[in-house]
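# Commentary on secondary and tertiary structure
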Amino acid sequence: MKNIWCLLLILICSAYGIPADAQHSQSLSGKVLSEGGQAIANAHIIIGSNHYHAISDENGKFRFSSLPNGIYDLTISHVGYQAIHSSIDLSSEQKPLTFHLKHKRYWSPSVVVTATRTVRELEEVPEPVTVISKKQIESLGTNRLSTVLTEQTGLTLTTNHGTGLQVQGFSSEYTKIMIDGQPLIGRTAGTFNLDRIAIGNIKQVEIIKGPSSALWGSDALAGVVNIITQKGTRPFELGIDSRYATNQTMDLGLNISTEKKGWKNDFFFNRNSSEGYSLSSNALSQTVPEYANYTVSYHTEVMISDHIDAEFQGRYYREKQHNTDYLGKQDNPTLLDDEALQEDYSISPTLHFDLGSKTTVELSHYFSRYRTDTQLHFQQGDSLYTRSIFDQYFNKLELQLNQNWNAKHATTTGIGFKDEQLKAKRYAGTPVFNSYFGFIQHEWLSTDLLSIIGGLRYDAHSEYSSQFSPKLSVRFEIIDWLDLRASAGSGFKAPDFRQLFLNFTNPTVGYSVFGSSNVKEKVRLLQADGKIKQQLLPLDQLKEIKAEHSWAYNFGINLHPRKQLSLQLNFFRNNVDDLIETAPIAHKTNGQSVFSYLNLEEVYTQGIEAQLRWTPIRQLKITGGYQLLDARRKIEQSRTVQDDNGEVIEKNVVSYKPMFNRSKHSANLKIFYRWETLDINANIRGNWHGKYGLIDINGNNFVDGDEYSDSFIIWKTAISKTFNNRFTLQLGIDNLFGFTRPGNLSYLPGRKFYGKLSLQLY
């Protein structure tokens, strides 16, 4: 790996060299004002593809003291205003400049990076993108990412070995979760537990719906959630957050940022703990066990020269859980102490090169490790009953080149290598994945009204066939208050370690799950031991699973008929081939089943998302969202019918049936009010989920009329008061009416009261 780094560095420097005019520099200063001439503080002034960066002061003034000669792209942006993009020639001395920003039509931040891998104005992106700002997150009074996402239109929380996310009808394993563009690893049964992510240092959350494999590869078949962390903008910043809630849930966060002579440092610490809760009074085990976790992250950035800066980012997470488990029957159990440890850490060094001629290069390496250690001890005697260790490694080396040809054309290309390895007793051997990838994307701003983005990615994997992922998206502004957006793209999801190599038998219940590469061998061993009672699927029909593929189509209409009113509509359709699903293949003599992974023939999800935003008066903001979802799988059934001659024949009938755990209708309503004179904010938010298929009672793999669970609604409210622009006290209630559903909504513990104190000391 070290040699590859050195080789790439030599290639970059020898191919482009460092511009010879670095010794000549100019200063640049100016002012950022609103349309009415008021100074705008904290506006971001970015020169040359995010290489030079300044923040306007309270008078709207900014200054760059030393910029190399050349022609640069200039971007001025601020939350709530439309960004300005311009070109500036710094070959001679510049007079102070003045920029006037117009109020923008969205309430969310103006700049995003996930949709194109480059900094782009949200209004220019032709794909369905949802952005949640830091201010919006703070108003919710929460401390975990899962709570933030569940209040967004088209997103649904799921519970399966953790709190996951359902996007456009896809379960959580089809959505890639990232922090600052780097993937988070460590999934259980395909679910990435969103409760592992503290949000005290988040700047914004960007959500792309629809396949994003053209840029982000496998696991992005349903979309991408990218968490952008906060970076300090002043010489010294210090903030402290504390929160206490029902179930003795405590949260403490610390943020420190420094900046001196271009060297930036950001440190974040969080501790979160709870005594857990139980939704069933007769259960021996808690629904959510007692836990305590810690998150530490560090970011630093320094300019090595006028054309090179270095960046490093590291994160560490550790959690311990304690619960009670048992063997035998609940009325006569053998009790066990369940101790679970999970930890993950990652490091990511990156070099940024400004090669001149509007060309920038990023060379990055990302390493991450996720480890769990679960032990069950007998409560009497404390001897070990069973122990399970899971240890996953992930390495990624990537080189990305951004070329802004002119004001109308920009190209992003990249190549990279990934290496993944797993060590666990539950898996056959020590499985290793290696893959190479390359991608290219071109953006064409035909006119101020029309923009087109086309992209293509190629992935070559050691365990399955190569994949091509194309994508095309278009934005067209018909008139100033109406624009259309459309995109079509292909996505894929590779079979993961679990689906290929898992070798697991539950130590207390007794069911088994085997990966497709070893299921035949393991079932034959069970047959030889006399542990198989009934074979549901013949072994010769079990085939090694293939990568899942999808084609997705999104069409959006954005209307802004008035400054106070906006409506966004998005129509979507996802066609999926070879969807991988867990299914029982045999019954064991102990009454439990043997499961494995199979490719389903076809699945589709389609629907409409609508988002209405209204500001009837300046102090009051109202948003409402709705999703219509139709998620169905292809079912082939053999029926006995009479043909035209009256003879009885067997006929194969194909139909599409509803899938489980998907609400056809869901909606949300959020009302925010601000008393400006008292600096008090209050809100009430509601999320409604229509009825959904809960349990497959008859085992036919689709939802029948008597297998639905009732709809439910969750209300939350919060009120906060800020003192001297530094101290904020917030009180709130989550799940106002105490709704619970122990069977499948374990993330709802009932009514929760909380208080939160935030201190911005510097």
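Since this is a predicted model, take the numbers as computed values, not measurements. (Residues numbered from 1 in each chain as written. Predicted model: local features only at pLDDT ≥ 70, side-chain atom pairs only at ≥ 80, totals over all residues. Heavy atoms only, no water.)

Helix and strand counts for the protein come out as six helices and 46 strands. Whereas a compact globule of 762 residues would reach a radius of gyration of roughly 27 Å, the protein reaches 27 Å, a difference of no more than 12%. Taken along the three principal axes of its C-alpha coordinates, the protein extends 85 × 60 × 55 Å. Every one of the 762 residues in the protein was classed for burial, and the buried ones make up 51%. Residue pairs at least 24 apart in sequence account for 60% of intrachain contacts in the protein once pairs closer than 6 positions are excluded. Of the accessible surface of the protein, which amounts to about 34800 Å², a share of 54% is contributed by carbon and sulfur atoms. Of the side-chain charges in the protein, 78 are positive and 78 negative, and the distance between the mean point of each set is 4 Å. (Helix = DSSP H or I, 4+ residues; strand = E, 2+ residues; numbered from the N terminus. Rg over C-alpha atoms; globule rule 2.2 N^0.38 Å. Buried < 20%, exposed > 50% of the residue type's maximum accessible area, 1.4 Å probe, protein only. Contact = heavy atoms within 4.5 Å. Areas by Shrake-Rupley, 256 points an atom, 1.4 Å probe, with all protein chains shown as cover. Lys, Arg positive; Asp, Glu negative; His and termini not counted. Charge placed at Lys NZ, Arg CZ, Asp CG, Glu CD.)

Scanning the model with the defined rule gives 21 aromatic pairs in all. An aromatic cluster of three or more residues is present, and its members are Phe62, Phe64 and Phe99. Above the plane of the ring of tyrosine 604 lies arginine 573, whose end atom (NZ or CZ) is 4.3 Å from the centre. (Phe/Tyr/Trp six-rings, centres within 6.5 Å; stacked < 30°, edge-to-face > 60°. Lys NZ or Arg CZ within 6 Å of the ring centre and 35° of its normal.)

Let's shift gears to unusual backbone geometry. Residue aspartate 578 is not a glycine yet carries a positive backbone phi of 60°. Mapping aspartate 578 onto the fold places it in the loop between β34 (565-577) and β35 (580-588). Positive phi values are uncommon outside glycine, yet asparagine 725 reaches one of about 60°. Mapped onto the elements of the fold, asparagine 725 is located in the loop between β44 (712-723) and β45 (727-734).

Before going further, it helps to examine empty space enclosed by the protein. What the rule picks out here adds up to five cavities of 30 Å³ or more. If you go around the largest cavity, you meet 30 residues; those closest to its centre are Arg187, Asp219, Gln392, Glu420 and Asp496. Secondary-structure elements contributing two or more residues to the lining of the largest cavity are β13 (175-179), β24 (384-404), β25 (409-424), β26 (432-445), β27 (450-461), β29 (482-493) and α5 (497-501). Considering only residue class, the lining of the largest cavity consists of 14 nonpolar, six polar and ten charged. Together, 14 residues line the second largest cavity, and Ala115, Glu127, Leu215, Gln441 and Lys471 are the ones closest to its centre. For the lining of the second largest cavity, the elements supplying multiple residues, two or more each, are α4 (213-216), β27 and β28 (467-479). Its residues assigned to classes, the lining of the second largest cavity comprises six nonpolar, six polar and two charged. (1 Å grid on protein atoms, 1.4 Å probe; cavity = no way out; pocket = protein on both sides within 12 Å on 5 of 7 lines; lining within 4 Å. Points joined across faces, edges and corners; volume = space filled by probe spheres on them. Nonpolar A, V, L, I, M, F, W, Y, C, P; charged D, E, K, R; others polar.)

In this fold, serine 566 is placed in strand β34. Discounting chain neighbours no more than four positions away, the residues touching serine 566 are Leu559, His560, Gln611, Leu612 and Arg613.

Moving on to the pairing of strand β2 (residues 44-47). Pairing of β2 with strand β3 (residues 52-55), which is carried by four bridges, proceeds in the antiparallel orientation. Bridge assignment links isoleucine 47 to a residue of β3, and that residue is tyrosine 52. Pairing between β2 and strand β5 (residues 71-77): four bridges, direction antiparallel. In the sheet register, histidine 44 faces β5, and the bridge partner there is serine 77. (Pairing = 2+ DSSP bridges.)

Two side chains of opposite charge can pair, provided their charged atoms sit close to one another. Under the counting rule described, the total for this entry stands at 30 salt bridges. Linking lysine 209 and glutamate 609 is a salt bridge whose minimum nitrogen-to-oxygen distance equals 3.2 Å. Residue lysine 209 is found in strand β15 (residues 202-209), and its partner glutamate 609 is found in strand β37 (residues 602-617); the two are separated by 400 residues along the sequence. One salt-bridge network, held together by shared partners, links Glu173, Lys493, Asp496 and Arg498. (Salt bridge = Lys/Arg side-chain N within 4 Å of Asp/Glu carboxyl O.)

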